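# Survey of secondary and tertiary structure
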Amino acid sequence: MASHGLDYDGCNFLRQRLVLSTLSGKRVKIKNIRSKEDEPGLRDFEASFIRLLDKVTNGSRIEINQTGTVLFYQPGLLYGGSVEHDCNLQRSIGYYLEALLMLAPFMKTPLRATLRGVTNDPTDPTVDFLKATALPLMKKFGIDGEGFDLKVVKRGMAPGGGGEVLFTCPVRRLIKPVQLTEVGKIKRIRGVAYSVRVSPQMANRMVDSARSVVNKFLPDVYIHTDHMKGANSGKSPGFGLTLVAETLDGCFYSAEMASTPQGQGDPVLPEDLGVNCAKLLLEEIYQGGCVDSTNQSLALLLMTLGQQDVSKVLLGTLSLYTIEFLRHIRDFFQMMFKIEVQKPQEDERKGGDKVLLTCVGVGYSNINKTLK
């Protein structure tokens, strides 16, 4: 374990810092968390995230001062096993799941996590979104097997929640290096239109309007409708749409939209939602790369932790979150990526500028994994 810790200021990128701290074993101290606001300190959803980290690790030391403006975190060993967690309703389960996806392969025993709360909301990546894009991405790094699954048991829309998700993931000793440089053309578009506690017709209206946009480009479009009833439909009404485009080389782009939560702002028409979601998908395809913008940081983390061999990945425009993530990787793992901008030729018609990131993995091996 590294003896020196890292100091940070402010509440931004809290998940990144805690996840990288847990993987690298370096303790971290975060000061001035919303110290100038009327309600200073950690929010409830951040405290809930820290409690989840405490459940999946063994021997973590967490100290928070009285006002909640200073957090000290000394990571323990990733233990895994069966975990149940009630996520805070201010953020969706996707907020917690994104971090679990990064940690799950490095546990001591295979993770089986049951998360309860809001499955779909307009701010965080929804569970359907992560299932469609993050899981296939992790399979490319050699994290797969029959125990690798993400299942929506119950749906719960914001603000009431009431959803439930089951995530199972096997453990891996090593992560294999990847060369993701070929994107390929889009071959099909799939999607899920879901509705809970509203008329089932809402889902069909979203499907029709989304198809009106994408069918101009591609005939192979199939959007599945998912209407959950009774106890499985959570506590709040709502609907939404997740679209996934798959390329010939097995890259996935996804876009999603959810209806405005009950009692928060103007209601949204299912037709408008369908059209806007389809346009978001086209924007994601234009940006291109082998990984869509939400999962860039997951891909870069798995490249960093790979064996001591060269990994390459072609990405679209780097999001601000990813740029900050690269800085954090430098802090925690002393790892720098070589970044080259690739401009497509005019006759290629392959969307916007791409970025090729190359690195040599740090050769991280899972010390927590039990030897059979």
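This text follows the structure it describes.
Residues numbered from 1 in each chain as written. Predicted model: local features only at pLDDT ≥ 70, side-chain atom pairs only at ≥ 80, totals over all residues. Heavy atoms only, no water.

## Notes on unusual backbone geometry
We count it as follows: Under the DSSP-based scheme used, a helix requires at least four consecutive residues in state H or I and a strand at least two consecutive residues in state E, with every element numbered from the N terminus.
Here the residue pair A158 and P159 is connected by a cis peptide bond, since its omega of 0 degrees sits within 30 degrees of zero. Within the secondary structure layout, P159 lies in the loop between β9 (149-154) and β10 (163-169). Not every positive phi belongs to a glycine, and F13 is a case in point at roughly 55 degrees. Residue position: F13 is located in the loop between β1 (6-9) and α1 (14-24). Of note in this structure, R34 is not a glycine but carries a positive phi near 50 degrees. For R34, the position within the fold is in the loop between β2 (28-31) and α2 (44-56).

## Describing empty space enclosed by the protein
Using a probe with the size of a water molecule, rolled over the atoms, empty space left in the structure can be pinpointed. The line we're drawing: Of the two site types, the cavity is a set of points on a 1 Å grid over the protein atoms alone where a 1.4 Å probe fits but cannot get out, and the pocket is an open set with protein on both sides within 12 Å along at least five of seven lines, each lined by residues with an atom within 4 Å of a point. Grid points are joined across faces, edges and corners, and a volume is the space filled by probe spheres set on the points.
Counted under the stated rule, the structure contains 3 cavities of 30 Å³ or more. Taken as a whole, the largest cavity spans an internal volume of roughly 130 Å³. Along its surface, the largest cavity is lined by 15 residues, and E98, A99, M102, S297 and Y321 are the ones closest to its centre. For the lining of the largest cavity, the secondary-structure elements that each account for two or more residues are α1, α3 (93-103), α4 (127-140), α7 (296-304) and α8 (320-333). For the lining of the largest cavity, the element with the highest residue contribution is α3, accounting for 4 residues. Of the volumes computed, that of the second largest cavity is approximately 80 Å³. For the lining of the second largest cavity, the element with the highest residue contribution is α4, accounting for 4 residues.

## Some remarks on the packing of α3 against α4
Cut-off, in case you're wondering: As a rule, the C-alpha atoms of each element are fitted with a line to give its axis, helices using only the stretch in contact, and angles between N-to-C directions run from 0 to 180 degrees. Roughly parallel covers angles under 35 degrees, roughly antiparallel covers those over 145, roughly perpendicular covers 65 to 115, and oblique covers all other angles. The contact criterion used throughout is that any non-hydrogen atoms of two residues lie within 4.5 Å. Note on residue categories: nonpolar means Ala, Val, Leu, Ile, Met, Phe, Trp, Tyr, Cys or Pro, charged means Asp, Glu, Lys or Arg, and polar means any other residue, Gly included.
Remark: α3 packs on α4, axes separated minimally by 11 Å, with the N-to-C direction vectors making an angle of 10 degrees. Taken together, α3 and α4 sit at an angle that is classed as roughly parallel. Only V127, L130, A134, L135 and M138 of α4 make contact with α3, whose side of the interface consists of I93, G94, L97, E98 and L101. A per-class count over the contact of α3 with α4 returns 8 nonpolar, 1 polar and 1 charged.

## Some points on the nonpolar core
Heads up, the rule is: Put simply, buried Ala, Val, Leu, Ile, Met, Phe, Trp, Tyr and Cys residues joined by side-chain atoms within 4.5 Å make one nonpolar core. Burial classification: accessible surface area is computed with a 1.4 Å probe over protein chains only, and a residue below 20% of its type maximum counts as buried, one above 50% as exposed, and the rest as partly exposed.
Counting 105 residues, the largest nonpolar core has L23 and F167 as the members making the most contacts within it. Element by element, the count of residues in this core is highest for α3, at 9 residues. In this structure, M157, Y194, V196 and A258 belong to the second largest nonpolar core, which totals 5 residues.

## Some details on the pattern of salt bridges
Pairing is possible between side chains of opposite charge, provided their charged atoms come close. Heads up, the condition is: Whenever Lys or Arg places a side-chain nitrogen within 4 Å of a carboxyl oxygen from Asp or Glu, that contact is recorded as a salt bridge.
If you walk through the whole model with that rule in mind, you get 19 salt bridges. Note that K187 and E246 form a salt bridge whose closest N and O atoms lie 3.7 Å from each other. Residue K187 is found in strand β12 (residues 186-196), and its partner E246 is found in strand β14 (residues 238-247); the two are separated by 59 residues along the sequence. We note a salt bridge from R205 to E271, for which the minimum N-O separation is 2.9 Å. Residue R205 is located in helix α5 (residues 201-214), and its partner E271 is located in helix α6 (residues 270-287); the two are separated by 66 residues in the primary sequence. A relative accessible area of 31% places E271 in the partly exposed class. Because the salt bridges share partners, they merge into one network encompassing E84, D86, R116 and E164.

By themselves, these observations are geometric and do not establish any function.
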